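Chain residues, written in single-letter form:
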Amino acid sequence: MRKVGTLIGCALILVWCLLPVVWIISLSFKSQTAITNGSPGFFPASGDSAGWQNYQDVLDNEQFRRAIFNSIGISLIATLLSVVIATLAAYAIARLEFQGKRFVLTTALAIAMFPVVSLVGPLFDMWRAFGLYDTWPGLIIPYMSFTLPLAIWTLSAFFREIPWEMEQAAQVDGATSWQAFRKVIVPLAAPGVFTAAILTFFFAWNDFVFGISLTSTERARPIPAALSFFVGSDPFNRPASLLAAGAVVSTIPIIIIVLIFQRKIVAGLTSGAVKG
Amino acid sequence: MTTTVVAPRTERQQKPEVSDRAKAETRLGQKLVAPAIVLMLVVTAFPMLRALYLSLFNYSLTAPEDREFVGLSNYATALTDPLFWKTTGVTVLYMLVTVGVELVIGFVFAMVMHRVIFARGVIRTSILIPYGIITVVSGFAWQFAFSFQNGFVNGWLPFLDTDFNWFGDTTPAVIAIMVSEIWKTTPFMSLLLLAGLAQVSEDMIEAAKVDGATWWQRLWKVVLPNMRAAIMVAVLFRALDAYRIFDNIFVMTAGAVNTESISFLTYRQTIEQFQLGIGSALSVLLFLSVLVIAWLIVKLFKVDLASARQEG
Amino acid sequence: MAAIEMKNIVKKYGDGFPAVNDVSIHVADGEFVILVGPSGCGKSTLLRMIVGLEDITEGEMIIGGKVVNDLAPRDRNLAMVFQNYALYPHLSVYENIAFPLRLAKVDDKTVDEKVREASKTLELDEHLERKPGNLSGGQRQRVAMGRAIVRDADAFLFDEPLSNLDAKLRGQMRSEIARLQKKLGITTVYVTHDQTEAMTLGDRVAVLKRGLLQQLATPRELYNNPGNLFVAGFIGSPPMNFLPATVEGTTVELPFGKVEIPADKAEKAAGKGLLIAGIRPEAFEDASVVDTSSSRTGSTFTATVDVVEWLGNEAYAYIPFEAPPEVREQLEQLERDLDGETLRTQLVIGLSGTTKIAEGDEAEIWVDTSKMHLFDPSTGENLTVDLDDAGEIPANAAKQPATA
């Protein structure tokens, strides 16, 4: 009885999670003529299939290629910098007693719940004044700020789990504070650093509000923004299958990351958010 | 280490001695957090202050030279406009429904994941896919799914005409948006709840079994009360997130047929219509309402964030 | 190798409470000294001050003739074994042991030599390539010691190293540590709360209570001549019995009757009114088993036995008694100091395994009164201590911390 319930539950989860994914893949194989004429149904009807044509078109599109490049570059740089800065801060929070610790925690918490949209107006204005509008750094900076809270939380949870003795033992063994940090603490916190990096990357890859507000051309426009601008202004009549192909392409990096690192992501999410 | 418990100081009491080590520790700690603090404040506190300042002006980017100080009248305009209240209402609706539904589905998923022994990796991988997928893509997928031209939903639901237009009226459009939002964020909720579930000890559940509790009683009297902290944290996170709903609306309806949320309204004023004055006022109001919601949840459910995520 | 000299060491935390209060201990070169006491007595803090993980508020720490108060741990050249071993989980056993050498940038050949030598001593040869996570408790313990011995450190420090092992392994590791220390002849300071470890391992034992040194002496001296009630109650298992007593001449009145004590002891305790008598369980015997013609001073009394535990080679009999409020209060305080829970208003008597005494019997018990100590109930001080045979008893031992 219990087993059957669990089995049904598993099936339910799989359907729930994968149905829309299968759907968008299926859609990406429908031909554009079929879409224009209307082609309801989950799978492409016979004769409606476009083969790899939609993918070819998407990848031939200069703007889309550029957007992928932007997204990968911006997300990777933001992730790298954010994780380094968060590691330092999280170490201090988990390990040291200092004035202003509460302030850091409060700030991080406040930013984690900050309405992003309420910032884009002033940021738009500021970035234009500083010449950061429509540039990579113009997106990297806000991505870092908004991923720092999550990264700091996740990492400080990991740091807190490393026994104090470890570091003291290293000191007694003759290590300087920096050696103790680099040779003992960082290797032990590696899984945490890793989780924080993945979560940061997801955030940057997923962001839409900054992407559409702080860019105006393909110079810095990331994938989500590019997808939404793919077809002009009328949201009700889009080249759906082409868009679907673009969506699938943009999801591939995420799927790869999830496939390789699922264990670590789950561990990071659960330890970072609830316990630590 | 030096846990400095500073005793309440009085005039006569000598200052607690702060050793060199403690001083060095403070200096090092502050140095290490400085970059993070600076970054977080540059992108939030500074623009927020600027928004506060700009909200006091009648200021449009299309006519910057006409900028003029108008005091609080932007706020008056926003707060007396029915549109503001309507969007706020819709936003609250999005928040309540999505969080409510996610809590139930997320809990069921968490229970299944907690129990399942075989195919753990497959389940975990598939649950992470919606979490990782771009919200915009989710919006597209569901918009096309609900589309009467190319979607499958009308065909699968027997009580609907095949040409029913989900995006032609407020109610179905709002439902479609909620479906996309719920699909994308339930995994996050269920992972948070899974962590809470893992903290409920098996012994306790077995003790309840021996005491004669039914499955339902065990759930309500043993499991849920012991997951309180996890549930509250999940609700807080997700509610604040849901209140900021933007991406799905932008992609699926672009705010048409009264599906606009408060975030979307703010965005439209500032970025699309270049009305920085009134847009900034809306930004400030949006920020304040998020604070109110956070405060309400913390007060209402007595979420002790400090204890939920704190060192002793 | 070096001697460790602690001079009037004080440790105060932010709230001004002295965790360690004016402690002076001289550890001679090559000596094995134990710091022992119940939890919160400051023993670990003191050890951490030696190694430099904790600041010294006042006093001087001198290692090998050099004041080290302001030196960082890595500049003190000491080796320490932590309570949870603090093995680095990401390094193999080999690299764990080699870690201090790597930090000191020793060349690979020397590292290999030293690690192999240490692993041979500790019988870790077949585990060198494993990760600490896959080792048993005893093996981890040995790796931690390996890390300490490769260094040629000036001294070894142990912080309750056996507390995470089960009882059987603990006994085995205890003798291993003792053997290793004798072999290397290295100055060692060892912290424990277990009086058995203290008695079996140490050349000398320092008993601490709430940051104050109570007595510093050899195990034998501590056992035979405890300086005060606390030390007397802490050392020995089963613990010493404490009974209300009044002295008149050479006669002591105990709850069970009157016994005679030697004249020199009686003299020291004369005119003090109500006292607490301390008698170890093995000072008693079943009167029917004792060779009464022996020259030992002793007395007999009769009492009703409540419970008898027979262990084969020996037996313990329990006899409840009533204590007047002053004594009772002091004993309750003592129990709190010792982290104990039971109130000792029953007498524990060690009997020979051949005894026929059974539960409920009115038994005749013999007691060796030359081994009896008499304590002042108000200060806890041992009035009958033989100062020539009691090591060092600091003058401030009985002082209560002001804020306690």
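Just so it is clear, the structure is predicted and the values come from calculations on it, not from any experiment.

### What to know about the overall build of chain A
Secondary structure summary: chain A contains twelve helices and zero strands in total. The secondary structure elements of chain A, listed N-terminal to C-terminal, are α-α-α-α-α-α-α-α-α-α-α-α. Dimensions of chain A, computed from C-alpha atoms along their principal axes, come out at roughly 75 × 65 × 30 Å. Burial statistics for chain A: of 276 residues in total, 54% are counted as buried. Within chain A, contacts between residues at least 6 apart in sequence are counted, and of these 75% link residues at least 24 apart.

### Digging into the interface of chain A and chain B
Between chain A and chain B, the contact holds 88 residues from the first and 89 residues from the second. Per element, the largest residue contribution to the side of chain A that touches chain B is 19 residues, and it comes from helix α12 (residues 240-275) of chain A. Here the side of chain A that touches chain B is composed, by residue class, of 64 nonpolar, 19 polar and five charged.

### Topic: the packing of helix α6 (residues 135-146) of chain B against helix α8 (residues 170-198) of chain B
Residue and element names in this part refer to chain B. At a minimum axis distance of 9 Å, the contact between α6 and α8 shows a crossing angle of 135 degrees. Here α6 is positioned oblique relative to α8, judged by the angle of their axes. As α6 packs across α8, the resulting crossing turns out to be right-handed. Across from T135, S138, G139, W142 and F146 in α6, the residues of α8 making contact are A176, V179, S180, W183 and K184. Class assignment for the residues of the contact of α6 with α8 results in five nonpolar, four polar and one charged.

### With respect to the sheet that holds strand β5 (residues 66-67) of chain C
Residues and elements named next belong to chain C. Sheet architecture is open: four strands sit in the order β2-β1-β4-β5, paired in antiparallel fashion. The sheet is open, and its two borders are formed by β2 (18-27) and β5, each paired with just one other strand. Summarising the sheet, strand β4 (residues 58-63) and β5 pair through two bridges and their orientation is antiparallel. Counterpart to I62 in the pairing with β5 is V67. Seen against the sheet, helix α1 (residues 43-51) touches β1 (4-12), β2 and β4 and runs at an angle of roughly 120 degrees to β1.

### Focus: the sheet that holds strand β13 (residues 257-260) of chain C
Residues and elements named next belong to chain C. Ordered in space as β13-β12-β11-β14-β21, the five strands form an open sheet in which the pairing is antiparallel. Each having just a single partner strand, β13 and β21 (373-375) make up the two edges of the open sheet. For this sheet, the mean angle separating the axes of adjacent strands, direction not counted, is 40 degrees. Bridge count for strand β12 (residues 251-254) against β13 is four bridges, and the pairing is antiparallel. Note that in β13 the partner of L254 across the bridge is G257. Packed onto the sheet, helix α10 (residues 325-337) meets β11 (241-248) and β14 (274-279) and runs at close to 50 degrees relative to β14.

### Considerations on the nonpolar core
Counting 290 residues, the largest nonpolar core has A86, A89 and I152 of chain A as the members making the most contacts within it. Those residues within four positions of I152 of chain A in sequence are excluded, and the remaining contacts are A86, A89, A90, I93 and A108 of chain A together with A36 of chain B.

The rules behind each value
Residues numbered from 1 in each chain as written. Chains lettered and ligands numbered in written order. Predicted model: local features only at pLDDT ≥ 70, side-chain atom pairs only at ≥ 80, totals over all residues. Helix = DSSP H or I, 4+ residues; strand = E, 2+ residues; numbered from the N terminus. Buried ≥ 20, exposed ≤ 12 C-beta atoms within 10 Å, placed from the backbone. Contact = placed C-beta atoms within 7 Å. Nonpolar A, V, L, I, M, F, W, Y, C, P; charged D, E, K, R; others polar. Axes fitted to C-alpha atoms, helices over the stretch in contact; angles between N-to-C directions. Parallel < 35°, antiparallel > 145°, perpendicular 65-115°, else oblique. Left-handed = near helix turned anticlockwise from the far one by under 90°. Pairing = 2+ DSSP bridges. Core = buried A, V, L, I, M, F, W, Y, C linked by C-beta atoms within 7 Å.

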